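# Structural characterization, general
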Amino acid sequence: MAGIVIDRIEKTFGTAKALDAVSLTVADGEFVALLGPSGCGKTTLLRIIAGLESRSGGRVLIGDRDVSDLRPADRGLAMVFQNYAVFPHMTVFENVAFGLRTKNAPEEKVRRNVMRAAELLHIEPYLERYPAKLSGGQRQRVAVARALAVEPAVLLMDEPLSNLDALLRLEMRADLKRVLQEAGTTTVYVTHDQTEAMGLADRIAVMHSGRIVQCDTPMTVYAAPATTFVGGFVGSPPMNFVPIRNEDGRARLDGFEATAPGTGELLLGFRGEDVRIDAPERGLSFAVAVAEPMGSHVLLTGTIADKLVRVVAPTGIRVAAGERIGIVPDPERVVWMSPETGAALPRIIS
Amino acid sequence: MTRSGRFLLWSGIVALCAWVLVPIYLIGVGAFGGRAAAFRWPKGILPVNTSLDQILVFLRIEGVANAAMNSLIAAGLTMLFSLLLGAPAGYALARFSFRGADAFRLMVLLTRAFPLAILALPLTVIFIKTGLYDTPLGVSLVHTALALPFATLVTAGLFQGIPREFEEAAWVFGCTRFQAIRKVVLPLALPGLAASAVFAFVISWNEVFAASVLTVRERTLTAYLLTVLSESPIHYRFAGGFILIVPSIVFIFAVRRYLFALWGVTSR
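Treat the numbers as computed from the prediction; the structure is a model and nothing was measured. (Residues numbered from 1 in each chain as written. Chains lettered and ligands numbered in written order. Predicted model: local features only at pLDDT ≥ 70, side-chain atom pairs only at ≥ 80, totals over all residues. Heavy atoms only, no water.)

### Digging into unusual backbone geometry
Comment: phi is negative for the bulk of residues other than glycine, and the bulk of peptide bonds are trans. All names here are of chain A. Across the junction of Ser 236 and Pro 237, the peptide omega takes the value 0 degrees, indicating a cis bond. Notably, Asp 254 is not glycine yet its phi reads approximately 50 degrees, a positive angle. Counting through the fold element by element, Asp 254 comes out in the loop between strand S12 (250-253) and strand S13 (256-259). The phi dihedral of Ala 305 is positive, around 50 degrees, even though this residue is not glycine. (Helix = DSSP H or I, 4+ residues; strand = E, 2+ residues; numbered from the N terminus.)

### As for empty space enclosed by the protein
All names here are of chain B. Counted by the stated rule, this structure contains two cavities of 30 Å³ or more. In this model, the second largest cavity occupies a volume close to 30 Å³. Contributing to the lining of the second largest cavity are Leu 116, Ala 120, Leu 123, Phe 209, Ala 210, Val 213 and Leu 214. Those elements that place two or more of their residues in the lining of the second largest cavity are helix H5 (116-130) and helix H9 (209-214). Here the lining of the second largest cavity takes four residues from H9, the largest share from any one element. Its residues assigned to classes, the lining of the second largest cavity shows seven nonpolar, no polar and no charged. (1 Å grid on protein atoms, 1.4 Å probe; cavity = no way out; pocket = protein on both sides within 12 Å on 5 of 7 lines; lining within 4 Å. Points joined across faces, edges and corners; volume = space filled by probe spheres on them. Nonpolar A, V, L, I, M, F, W, Y, C, P; charged D, E, K, R; others polar.)

### Some details on the domain arrangement of chain A
All names here are of chain A. Assigned domains of chain A: these are domain 1 (4-228) and domain 2 (237-337). Each of domain 1 and domain 2 was reduced to a C-alpha centroid, and the two centroids are 39 Å apart. At the junction of the two partners, domain 1 supplies eight residues and domain 2 supplies seven residues. Note on domain 1 versus domain 2: buried area summed over both sides is about 560 Å², and carbon and sulfur give 61% of it. For the domain 1 face of the interface with domain 2, the top three residues by lost area are Tyr 222, Pro 225 and Thr 228, together amounting to 79%. For the pair domain 1 and domain 2, the number of links is zero salt bridges. Linking domain 1 to domain 2 there are two residue pairs in polar contact (both at pLDDT 80 or more). Per-element accounting of the side of domain 1 that touches domain 2 gives the leading share, three residues, to helix H7 (residues 218-223). Taken together, the residues of the side of domain 1 that touches domain 2 break down into six nonpolar, two polar and no charged. (Domains from an automatic or database assignment. Contact = heavy atoms within 4.5 Å. Buried area = accessible area lost by both parts, 1.4 Å probe. Salt bridge = Lys/Arg side-chain N within 4 Å of Asp/Glu carboxyl O. Polar contact = N/O pair within 3.5 Å; in protein donor to acceptor, adjacent residues only side chain to side chain.)

### With respect to the environment of Thr 155 of chain B
All names here are of chain B. Relative to the assigned elements, Thr 155 resides in helix H6 (residues 136-160). With relative accessibility at 0%, the residue Thr 155 sits in the buried group. Separated by 45 residues in sequence, Thr 155 and Leu 110 have C-alpha atoms that sit 18 Å apart. Not counting chain neighbours up to four residues away, the residues in contact with Thr 155 comprise Gly 86, Ala 87, Gly 90, Phe 150, Leu 193 and Ser 196. A distance of 2.6 Å separates the side chain of Thr 155 from the backbone oxygen of Ala 151, its partner in a polar contact. (Buried < 20%, exposed > 50% of the residue type's maximum accessible area, 1.4 Å probe, protein only.)

### Observations concerning the pattern of salt bridges
Residues and elements named next belong to chain A. Within this structure, the stated rule accounts for 27 salt bridges over all chains. In this structure, Arg 59 and Asp 7 form a salt bridge, with 3.2 Å as the shortest nitrogen-oxygen distance. Of this pair, Arg 59 sits in strand S4 (residues 57-62) while Asp 7 is found in strand S1 (residues 4-13), placing the two residues 52 residues apart along the sequence. Residue classification places Arg 59 among the partly exposed positions, given a relative accessible area of 37%. Look at Asp 7 and you get buried, because its relative accessible area is 15%. The partner of Asp 69 in a salt bridge is Arg 55, and the shortest N-O contact between them spans 3.3 Å. Here Arg 55 lies in the loop between helix H1 (42-50) and S4 and Asp 69 lies in the loop between strand S5 (65-66) and strand S6 (77-80), a separation of 14 residues in the sequence. The class for Asp 69 is exposed, based on a relative accessible area of 68%. Here the salt bridges do not stand alone but share partners, grouping Arg 141, Glu 171, Asp 175, Arg 178 and Glu 182 into one network.

### Let's talk about helix H2 (residues 53-60) of chain B
Residues of H2 of chain B that are buried include every one of Gln 54, Ile 55 and Phe 58 of chain B, and no others. Down the axis of H2 of chain B, the buried side of the element spans an arc of 100 degrees, and every buried residue falls inside it. (Arc of directions from axis to C-beta.)

### Quick look at the sheet that holds strand S10 (residues 211-216) of chain A
All names here are of chain A. Across the sheet, six strands lie side by side as S6-S7-S8-S3-S9-S10; this open sheet has mixed pairing. At either end of the open sheet lies a strand with only one pairing partner, and these are S6 and S10. Here the strands of the sheet are splayed against their neighbours by 20 degrees on average, with no regard to which way each runs. When S6 meets strand S7 (residues 154-158), the two strands line up parallel, connected through four bridges. By the bridge assignment for S7, Val 80 is matched with Met 157. (Pairing = 2+ DSSP bridges. Axes fitted to C-alpha atoms, helices over the stretch in contact; angles between N-to-C directions.)

### Considering helix H4 (residues 136-149) of chain A
Helix length check: H4 of chain A, at 14 residues, gives a terminal C-alpha distance of 20 Å against a target of 20 Å (1.5 Å per residue), a fit within 8%. When you tally the buried positions in H4 of chain A, you get twelve out of 14 residues, the bulk of the element. Turning to H4 of chain A, its buried residues number three or more, namely Gly 137, Gln 138, Gln 140, Arg 141, Val 142, Ala 143, Val 144, Ala 145, Arg 146, Ala 147, Leu 148 and Ala 149 of chain A. Those residues of H4 of chain A that are buried lie in contact with S6, helix H2 (92-102), helix H3 (107-120), S7 and helix H5 (166-183) of chain A together with helix H7 (164-172) of chain B. (Expected span 1.5 Å × (residues − 1).)

### Some details on the pairing of S7 of chain A
Residue and element names in this part refer to chain A. Of all five residues in S7, five are buried; the element is thus mostly enclosed. For S7 and strand S8 (residues 186-191), the ladder comprises five bridges, and the chain directions are parallel. Of the residues in S8, the one forming a bridge with Asp 158 is Val 190. Following the chain from S7 across H5 to the adjacent parallel S8, one finds a crossover that is right-handed. (Right-handed = clockwise from strand over helix to strand, strands pointing away.)

### Topic: the packing of aromatic side chains
Counted under the stated rule, the structure contains eight aromatic pairs over all chains. Between Tyr 91 of chain B and Phe 159 of chain B the ring centres are 5.4 Å apart and the planes differ by 80 degrees, which places this aromatic pair in the edge-to-face class. Residue Tyr 91 of chain B is found in helix H3 (residues 64-95), and its partner Phe 159 of chain B is found in helix H6; the two are separated by 68 residues along the sequence. The burial state of Tyr 91 of chain B is the same as that of Phe 159 of chain B; both residues are buried. Taken together, Phe 87 and Phe 98 of chain A together with Phe 166 of chain B form an aromatic cluster joined through their ring pairs. Over the face of the ring belonging to Phe 87 of chain A we find Arg 146 of chain A, whose NZ or CZ atom lies 4.9 Å from the ring centre. Looking at Arg 271 of chain A, its charged tip hangs above the ring of Tyr 222 of chain A, at a distance of 3.9 Å from the centre. (Phe/Tyr/Trp six-rings, centres within 6.5 Å; stacked < 30°, edge-to-face > 60°. Lys NZ or Arg CZ within 6 Å of the ring centre and 35° of its normal.)

### Topic: the sheet that holds S1 of chain A
Residues and elements named next belong to chain A. In space, the four strands of this open sheet follow the order S2-S1-S4-S5, with antiparallel pairing throughout. Lying at the two open borders of the sheet, with one neighbouring strand each, are strand S2 (16-26) and S5. As defined by bridge partners, S1 adjoins S2 across seven bridges and the pair is classed as antiparallel. In the sheet register, Ile 6 faces S2, and the bridge partner there is Leu 24. Sitting on the sheet, H1 is in contact with S1, S2 and S4, with an inclination near 120 degrees to S1.

As structure tokens, then:
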């Protein structure tokens, strides 16, 4: 068990900055998800923590020990790879035992740890099989079991579920959460899937072009994004942003009015489900383009002040494409952003 | 596929097979059919009065056993050298990006562009000076130069086919670079390595020019037969030819699956 301190890690590829002085502290036993679009540097950061990638600057500490210049083998961590990397020439048992064997653990301990990890991931029936005979989901279980069997201080996961099909992913996600809670291992989990990050992590570090733009609990990241990028990337549908003008502390657009911070042009951010639907002349004037019944709700896509907006309406609502309705965002849940920097403005407590 | 398309495909296949198989078959018929078969015209399709006599007589010719031994030593050493040098080079090509990697790939092939005939004289002089002349070791060194480009490029493809993540996983789980190669990469590469080893063996076994120039008494089988057979009756030549072909065919047949895999043809 150990915490991780990432201290101003830099990585440059040629002249391009892949990581720009990234700092992050992961507490002992905490599960942190690195979330971001492809190319944001999240996998590079994970590989630098693992020691698989060289860094251009900064330090990595695991359990108060500077491991920046240690080989991956000496960092006391385990890793689960995106394509599983389960060794095809070894049985499942030998795969799970691999880390223990390289450390010359006594046979009794090897057996005990392998059995426990296998039990945790429900792979006992396959222990004598070769990976070629397993499905993708089973292979991923083997990869996780291999990582847990060495009882690592730190567990790193690189998009472990992205190669599985949707149904399996859902099942494996729930299993992962259970297994990792039981093991209580400090975990850094890289993903581009915000639902995975939301569902699994204690904290989410949202990354964007080589920086961590926000690191907070899933609910905070969801409800109070630090930038328009975070609001747009986390949540489905993404957060809506509508330009609005603030005059003497009151922002007004169409029939909507609210107390707002700052002055002049602002962006009003609100979640699709945090709205009330009202008559066209009240609230924001929303021109419906598409109405999609999703079973539990109806997803309405349209425009407010020529900006694309998606809102969630209760089933049974009668709206047709081309109609105008009024949208009243819950004033308790809106966020205000600066249109120049895209950063959140402090909320006014009224 | 249309009817004419299928016809073209199959006639192509038959022609290619015949191109390779008919000469081998005729040599076989000549080798086992005795004097009569060798001289019969037109050639029969089926072998007549087959016997092992000529093969046995041929094997008892003085010097054949010694030459075969030399061939085995030279081919064995060639196999060893080209793998020991070629596999690490192939690994480097597959795993590291370094300045001039592509140029190196090309240059490696260029060793084959040098005509041996031009090199023969200087090589002979150097070999006499260093005492390598007229030894299987000397022959194997030249053969290694011939086999090395293939060994390097083929193993490079082989190592490239083994995902980097396997090695990275091994490192994370406690292996050094060399341990990772020994425990993970080599077991996975073994069939392919065996195939390229056999390939090197066959190149050496079949090579005749360098072997003839660089040896006098300690000839390899090919070089020896070349001199002996030109003075023997034609049915003995068939027997000698047959004996020369057999090891190559057996080896290539044994590793055909891996050769197909190396060349990107999936075999089921």
